Amino acid sequence: MQTPLRHITRGRLFWLGLFALTWLLSHYSFQLYKLLDARWIIRFPKALQLKLDTVISDFLNWLVNDAHFGLFTFRDLTRSIAWLIEMPYQFLRNLLIEGFQSGLGDSAVQIAPSLSWIAVIATVVAIAHYARDLGLALLVGGCFLYLAVFGQWDSAMITLASVLVAVPIGAAGGLGLGIIAYRHTWFDKLLRPILDLMQTVPVFAYLVPILILFGFGPVAALVATVIYAMPPMIRVTILALKSVPEELVEAGRMMGVTRRQMTWKVLVPTAIPTLMVGVNQVIMLTLNMVIIASMIGAGGLGFDVLASLRKLDIGGGIEAGLAIVVMAIALDRSSQAFSERRMLHPRTGSWLQRHPWTTTVALIVIGTFLLGQVVPAVQSYPDALKISTGAVWSDAMEWINVNFFDTLETIKTALLTALLLPVKKFFTGIPWLWGIIAVCLIAGRVAGWKLGFMAALMMLFIAASGLWGEAMVTLYLCGVSVFVAILIGTPLGIWAAQKPRAGRIILGVMDTLQTLPSFVYLIPVVMLFRVGDFSAMIAVVLYALAPAVRYAAHGIREVPPQLLEAGRMAGCTPAQLLWRVKLPLATPQLLLGLNQTIMLALSMLVITALVGTRDLGQEVYIALTKANAGQGIVAGLSVAVIAIIADRVVHALSDNQKRRLGL
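Residues numbered from 1 in each chain as written. Predicted model: local features only at pLDDT ≥ 70, side-chain atom pairs only at ≥ 80, totals over all residues. Heavy atoms only, no water.

Asks: Sorry if this is basic, but what is going on with the overall build of the chain here?
Replies: Across its full length, the chain holds 27 helices and 2 strands. In terms of overall size, the chain behaves like a compact globule, its C-alpha atoms giving a radius of gyration of 27 Å where 663 residues would be expected to give roughly 26 Å. In terms of principal-axis extent, the alpha carbons of the chain reach across some 85 × 65 × 65 Å. Expressed as a percentage of contacts within the chain between residues at least 6 apart in sequence, the contacts between residues at least 24 apart total 78%. For the chain, the accessible surface area stands at approximately 33300 Å², while carbon and sulfur atoms represent 67% of it. Of the charged side chains in the chain, 49 are positive and 34 negative; the average position of the first set lies 11 Å away from that of the second. (Helix = DSSP H or I, 4+ residues; strand = E, 2+ residues; numbered from the N terminus. Rg over C-alpha atoms; globule rule 2.2 N^0.38 Å. Contact = heavy atoms within 4.5 Å. Areas by Shrake-Rupley, 256 points an atom, 1.4 Å probe, with all protein chains shown as cover. Lys, Arg positive; Asp, Glu negative; His and termini not counted. Charge placed at Lys NZ, Arg CZ, Asp CG, Glu CD.)

Right, dumping it as structure tokens:
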């Protein structure tokens, strides 16, 4: 009985001593530097700093300007890729919004108009009905009608064209790489660390080198989007193929199928429901990235949001943001419906009877094309019937600011004084050398000294890149945001698990929050709290809240009923059941929720650079504005380093807890 107690006491002394020493060094590092006259205590020696950003920038410049592969240059290769992507993209833009023209410039003559707004809505309604039922068809049709009525149609169609190009490329590329990884173990092992890195490097970091390689414009934005959205599809493909029942695979072998037939006749068809979940993830990430990629010329709704943020146009920003939300909901629900769809009995009768929706859509397209030549309102939604809510939102925000300014400022000042500023002072005061040692001790204590040594090397990379101060600001903002998200999310998750009626509402709200692209969170936050660390924290908490709630609810629900019954028989009250049985057994799930919350917080922190934070995200954003690929990649890798260390440590904590509980 004494050994476990001694072990617990020793563990607590270790963590208490580590925190106390870190606090002392953080608060007195400047005095120590003055006393010893040693600047290296608080800043990594400049003479020893890595010049990796310069090396990367020089390499990319050589690649673009001088690299030659015999018959063609690297620039020829990038132009060919850009041409292959631009062809379908321009076709879809013509089809959805611009119409088809002959000639260039002022001499261009229109050959055919784009699809009318009525034809587009009819098409998406037909697809949604085919995917599920009339209810989904009405939802999706209502979403697209909203875009027309509220004057967001043109920008929304440009964004939709980008999505329709990027999603098939990302899904097909992810499927192909996933199949290769499934077939070849060595390729799977090679791919996994690359995927880890791709999913932890911040979004903006993708834009910097692609801006150098492909230039400014929608094609470069689409390339970045495809690269960003592909990793989830690869992971889902590997998981889906491995989940195919072994008896089906064995039956295929007994029938003498070839390797190709096994893949395309057995494995892929069986895994389609799971693969569609991957396609859903590709769609949502694509929509998120298409908006962010507006910074390098993507256009569409993302550009409208960005322009509104820059001009502090409250009404325009909220209108464009709501249009993004509406489109995200329509695409998300439709792709989810396809993932859940089951094979139906084939229809009988004539071709028209077997394909009623196809026939209906074709007739609507032809009818609106002919009628649109005579009645312009059929072709384009009439301006006179458009509704603008910009003034309403501006007035609402102004009313809130006028009537609740003091209250909002009081809350903001209290949180800044009591939480944000003390934590910031603690993290930014940590000397780089002790910071590396502390991370090594934490990772080594939790996950073993091999990971501790790797974590120390990773943190040394950040210090040697001259980004220690920015990394500490990132840690402070991430830490505070995750703490607040867990503080709010865990009780909500417990409530959702224990009260089914409340759970439906809470998890429904979380579904909506997960559907929203990250850009959208900045609009109301900036309007209410202006720029700064507090606004960044609020946006990050909103964005990262969903996994904290979901994993808490899942963990509580997964507690074995027999253990709960045993607790009741032992006379436990509901509160004792929660604290003594449910929460300890749900700890592994809570830790996984913490892990996902950290990952989302780090990805959002890079986007909050737009509201004035001074962290690694700001370094990436500055690199993007200056087209400095080296600076952007090094700062992005530094964020990835923090994400990887946090991921490994939290996973180790979860595994340790599972072992203690015998799970």
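Asks: Whenever I open this one, the side chain of Ser57 confuses me. Can you help?
Replies: Mapped onto the elements, Ser57 comes out in helix α2 (residues 52-65). Within polar-contact distance, the side chain of Ser57 engages the backbone nitrogen of Gly630 at 3.0 Å. Excluding its chain neighbours within four sequence positions, the residues that come into contact with Ser57 are Asn628, Ala629 and Gly630. (Polar contact = N/O pair within 3.5 Å; in protein donor to acceptor, adjacent residues only side chain to side chain.)

Asks: I tried to follow the packing of aromatic side chains on my own but got confused; where do I start?
Replies: Aromatic ring pairs are described here by two measures, namely the spacing of the ring centres and the angle between the planes. Counted according to the given criterion, the structure contains 12 aromatic pairs. Arranged with centres 6.2 Å apart and planes meeting at 50°, the rings of Tyr130 and Phe338 form a pair that is tilted. You can see Tyr130 sitting in helix α4 (residues 117-131) and its partner Phe338 sitting in helix α13 (residues 314-340), a full 208 residues away along the chain. The exposure class of Phe338 is partly exposed, given its relative accessible area of 26%. An angle of 80° between the planes, with centres 5.3 Å apart, marks the rings of Phe426 and Phe427 as edge-to-face. The class of Phe426 is buried, set by a relative accessible area of 14%. Taken together through their ring pairs, the aromatic side chains of Phe19, Phe426 and Phe427 make up a single cluster. (Phe/Tyr/Trp six-rings, centres within 6.5 Å; stacked < 30°, edge-to-face > 60°. Buried < 20%, exposed > 50% of the residue type's maximum accessible area, 1.4 Å probe, protein only.)

Asks: Is there a simple way to think about the pattern of salt bridges in this case?
Replies: Per the stated rule, a full pass over the model turns up 10 salt bridges. Note that Asp188 is salt-bridged to Arg192, the shortest N-O span being 3.1 Å. Separated by 4 residues within a single helix, Asp188 and Arg192 lie in helix α7 (residues 185-200), roughly one turn from each other. Using a relative accessible area of 7% as the deciding quantity, one classes Asp188 as buried. A salt bridge links Asp647 to Arg648; its shortest N-O distance comes to 2.5 Å. Taking relative accessible area as the criterion, Asp647 reaches 15% and is therefore assigned buried. (Salt bridge = Lys/Arg side-chain N within 4 Å of Asp/Glu carboxyl O.)

Asks: What exactly am I supposed to notice about α2 here?
Replies: Along an α-helix, residues three or four apart share an orientation, since each turn contains 3.6 residues. Taking 1.5 Å as the rise per residue, α2 with 14 residues should run 20 Å; its terminal C-alpha atoms sit 20 Å apart, in good agreement. Residues of α2 that are buried include every one of Ile56, Ser57, Leu60, Leu63 and Val64, and no others. Viewed end-on, α2 has its buried residues packed into an arc of 125°, placing them on one side of the element. Packed against the buried residues of α2 are α3 (74-98), α8 (203-214) and α27 (629-661). (Expected span 1.5 Å × (residues − 1). Arc of directions from axis to C-beta.)

Asks: Where do I start with a nonpolar patch on the surface in this structure?
Replies: Together, Phe69, Leu71, Phe72, Leu77 and Ile81 give the surface a local cluster of nonpolar side chains, amounting to about 500 Å² of exposed area. By secondary structure assignment, the location of Ile81 is in helix α3. (Patch = residues over 30% accessible without salt bridge, like charges linked within 9 Å, V, L, I, M, F, W, Y side chains within 5 Å.)

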